[in-house]
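Take a look at the letters that make up each chain.
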Amino acid sequence: MNTDRTFLEEGNRVFFELLNRLGGFCDNPSTPEARQLLSDIRAFLFERFEYEKKIMISRNSEDTWLHHEQHELMFNTLSWSIEMAQRDEMVCRSLYHYLDDWFRFHTENLDRTLCEPDSESLVFGLHSTGSGTS
Ligand SMILES: [Fe+2]
């Protein structure tokens, strides 16, 4: 297993752990814990996207622009939504589901290509189990 794949898979675990914890706080998103989780998720994604950008640059792959653009759109949406999510339960839940859906789709369809030729799925039994997200 290559180093990039190992790093990305470990990152997937960390991301869903943070996201699941956030799901448990969406009933009261203005708590310091919820605020910290949103901040931690944002920081995690910033570092993750920077790491992926280094891989893309080193490999000069054809879909680099598209992949980077997806990161930018997602990060901007997250940054824009965080403050509202801290004030509104419904926004927090919507953000939770958006992050869950986006990350699963993105990892499976774009991040996976960063690990070629070892292109086995990176989504490996990760389940969101946070409460208060229905
Ligand atoms: Fe990515």
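Keep in mind that this is a model prediction, so the values were computed, not measured. (Residues numbered from 1 in each chain as written. Predicted model: local features only at pLDDT ≥ 70, side-chain atom pairs only at ≥ 80, totals over all residues.)

Q: Would you mind going over the overall build of the protein chain in detail, with residue names and values included?
A: Looking only at helices and strands, the protein chain has four helices and zero strands in total. Buried positions account for 22% of the 134 residues belonging to the protein chain. Across the protein chain, contacts joining residues at least 24 apart in sequence account for 71% of those joining residues at least 6 apart. (Helix = DSSP H or I, 4+ residues; strand = E, 2+ residues; numbered from the N terminus. Buried ≥ 20, exposed ≤ 12 C-beta atoms within 10 Å, placed from the backbone. Contact = placed C-beta atoms within 7 Å.)

Q: Account for the environment of I55, naming residues and giving values.
A: Here I55 shows up in helix α2 (residues 32-59). Sequence-wise, I55 and C115 are 60 residues apart; in three dimensions their C-alpha atoms are separated by 9.2 Å.

Q: Before we move on, could you go through the nonpolar core and cite the residues and values that matter?
A: Judged by nonpolar contacts, the single largest core of 16 residues is most densely connected at L19, L22, L37, L38, I41, Y96 and L99. Of all the elements in the fold, those that place two or more residues in this core are α1 (3-23), α2 and α4 (89-109). Leave out the neighbours within four places in its chain, and I41 touches L18, L19, L22 and L99. (Core = buried A, V, L, I, M, F, W, Y, C linked by C-beta atoms within 7 Å.)

Q: Before we move on, could you go through the environment of R93 and cite the residues and values that matter?
A: The residue R93 is located in helix α4 in this model. Here R93 falls in the buried class, since 20 other C-beta atoms lie within 10 Å of it. Measuring from C-alpha to C-alpha, the distance between R93 and G23 comes to 7.2 Å, with 70 residues separating the pair along the chain.

Q: Explain α4 to me, and be specific about the residues and the numbers.
A: Helix length check: α4, at 21 residues, gives a terminal C-alpha distance of 30 Å against a target of 30 Å (1.5 Å per residue), a fit within 8%. For α4, the set of buried residues is C92, R93, L95, Y96, L99, D100, F103 and T107. Looking straight down α4, one finds that the buried residues subtend no more than 160° of arc, so they occupy a single side. Turned more than 90 degrees from where α4 packs its buried face, M90, D101, F105 and E108 sit exposed. For α4, the elements touching its buried residues are α1, α2 and α3 (64-85). (Expected span 1.5 Å × (residues − 1). Arc of directions from axis to C-beta.)

Q: Can you tell me about the packing of α3 against α4, naming the residues and giving the values?
A: In contact at an axis separation of 10 Å, α3 and α4 are set at 165° when each is read in the N-to-C sense. Between α3 and α4, the angle is such that the two are roughly antiparallel. α3 and α4 meet at a crossing whose hand is left-handed. Contacts between α3 and α4 involve Q70, M74, S81, M84 and A85 from the former and V91, C92, L95, W102 and H106 from the latter. Partitioning the contact of α3 with α4 into residue classes produces seven nonpolar, three polar and no charged. (Axes fitted to C-alpha atoms, helices over the stretch in contact; angles between N-to-C directions. Parallel < 35°, antiparallel > 145°, perpendicular 65-115°, else oblique. Left-handed = near helix turned anticlockwise from the far one by under 90°. Nonpolar A, V, L, I, M, F, W, Y, C, P; charged D, E, K, R; others polar.)

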